[in-house]
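Below are the chains, spelled out letter by letter.
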Amino acid sequence: MDRYEGFHEFVRARQQSLMRTAYLLTGNAHLAEDLLQTVLTRVAAHWAKLADGGNPEAYARKALVNQTISWRRRKQVELPGAELPERAESGQLHDEATVRRIALHHALAQLTPKQRAVIVLRFYEDRTEHETAQLMGVSIGTVKSQTNYALSKLRALAPQEVYR
């Protein structure tokens, strides 16, 4: 039996979803690719155990969160500026959805890694507090408090958006 049996199928089936999560956690497509590659290397190293009764997707998602936080602690990641780009001189206006998406992207970039992870897991991936706590390796109380802090910060940074 090949120790990687089923790994390639797992990657094909879950790569898009994991990449989307990695992008939301990092806010940068290139960092997201690096993050996903690093995590999939770890998943491959533990594949025999994960395939035999483990939960490879949960392991991969938890590794995405942990690796993002680890990278942000070790090195200063350059974040996009807090100001929106100027409108074009030709008078061309951005459509409202584009402006809102840019504002949200900038606001998310200002969150701490844990706050951003909580927002991504809770509201983008629609995870419960319990699932989010398990994926992040923290208590439910921590998930609740980080969600509260993150939403408060998002409200302050992008007041035109509604965060409930």
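Since the structure is predicted, the reported quantities are computational estimates derived from the model, not experimental observations.

**Student:** What should I look at first to understand the overall build of the protein chain in this one?
**Tutor:** When helices and strands are counted, the protein chain shows eight helices and zero strands. Buried positions account for 37% of the 164 residues belonging to the protein chain. Sequence-distant contacts, at least 24 apart, represent 64% of the contacts inside the protein chain between residues at least 6 apart. Carbon and sulfur atoms provide 50% of the accessible area of the protein chain, an area that totals close to 10200 Å².

**Student:** I would appreciate a short explanation of the packing of helix H2 (residues 29–45) against helix H4 (residues 56–74) in the present structure.
**Tutor:** Any two packed helices are characterised by how steeply their axes cross, that is the angle between the axes, and by the distance between the axes. With their axes 9 Å apart at the nearest point, H2 and H4 run at an angle of 125 degrees to one another. Considering their axes alone, H2 and H4 lie oblique with respect to each other. As H2 packs across H4, the resulting crossing turns out to be right-handed. Across the interface between the two elements, Leu31, Asp34, Leu35, Leu36, Thr38, Val39, Arg42 and Val43 from H2 touch Tyr59, Ala60, Ala63, Leu64, Gln67, Thr68 and Trp71 from H4.

**Student:** Teacher, can you tell me more about the side chain of Thr68 here?
**Tutor:** In this fold, Thr68 is placed in helix H4. For Thr68, a relative accessible area of 5% gives the class buried. Among the polar contacts made by the side chain of Thr68, one reaches the main-chain carbonyl oxygen of Leu64 at a distance of 2.7 Å. Setting aside residues no more than four positions away along its own chain, Thr68 makes contact with Leu25, Thr26 and Leu35.

**Student:** Which parts of the structure should I look at to understand the packing of helix H6 (residues 113–124) against helix H8 (residues 140–157)?
**Tutor:** The contact between H6 and H8 brings their axes to 9 Å, and the two run at 100 degrees. Regarding the angle of H6 to H8, the classification is roughly perpendicular. Along the contact surface, H6 presents Lys114, Gln115, Val118, Ile119, Arg122 and Phe123, while H8 presents Val143, Gln146, Thr147, Tyr149, Ala150, Leu151, Lys153 and Leu154. Of the residues belonging to the contact of H6 with H8, the class tally is eight nonpolar, three polar and three charged.

Reading the values: the criteria
Residues numbered from 1 in each chain as written. Predicted model: local features only at pLDDT ≥ 70, side-chain atom pairs only at ≥ 80, totals over all residues. Heavy atoms only, no water. Helix = DSSP H or I, 4+ residues; strand = E, 2+ residues; numbered from the N terminus. Buried < 20%, exposed > 50% of the residue type's maximum accessible area, 1.4 Å probe, protein only. Contact = heavy atoms within 4.5 Å. Areas by Shrake-Rupley, 256 points an atom, 1.4 Å probe, with all protein chains shown as cover. Axes fitted to C-alpha atoms, helices over the stretch in contact; angles between N-to-C directions. Parallel < 35°, antiparallel > 145°, perpendicular 65-115°, else oblique. Left-handed = near helix turned anticlockwise from the far one by under 90°. Polar contact = N/O pair within 3.5 Å; in protein donor to acceptor, adjacent residues only side chain to side chain. Nonpolar A, V, L, I, M, F, W, Y, C, P; charged D, E, K, R; others polar.

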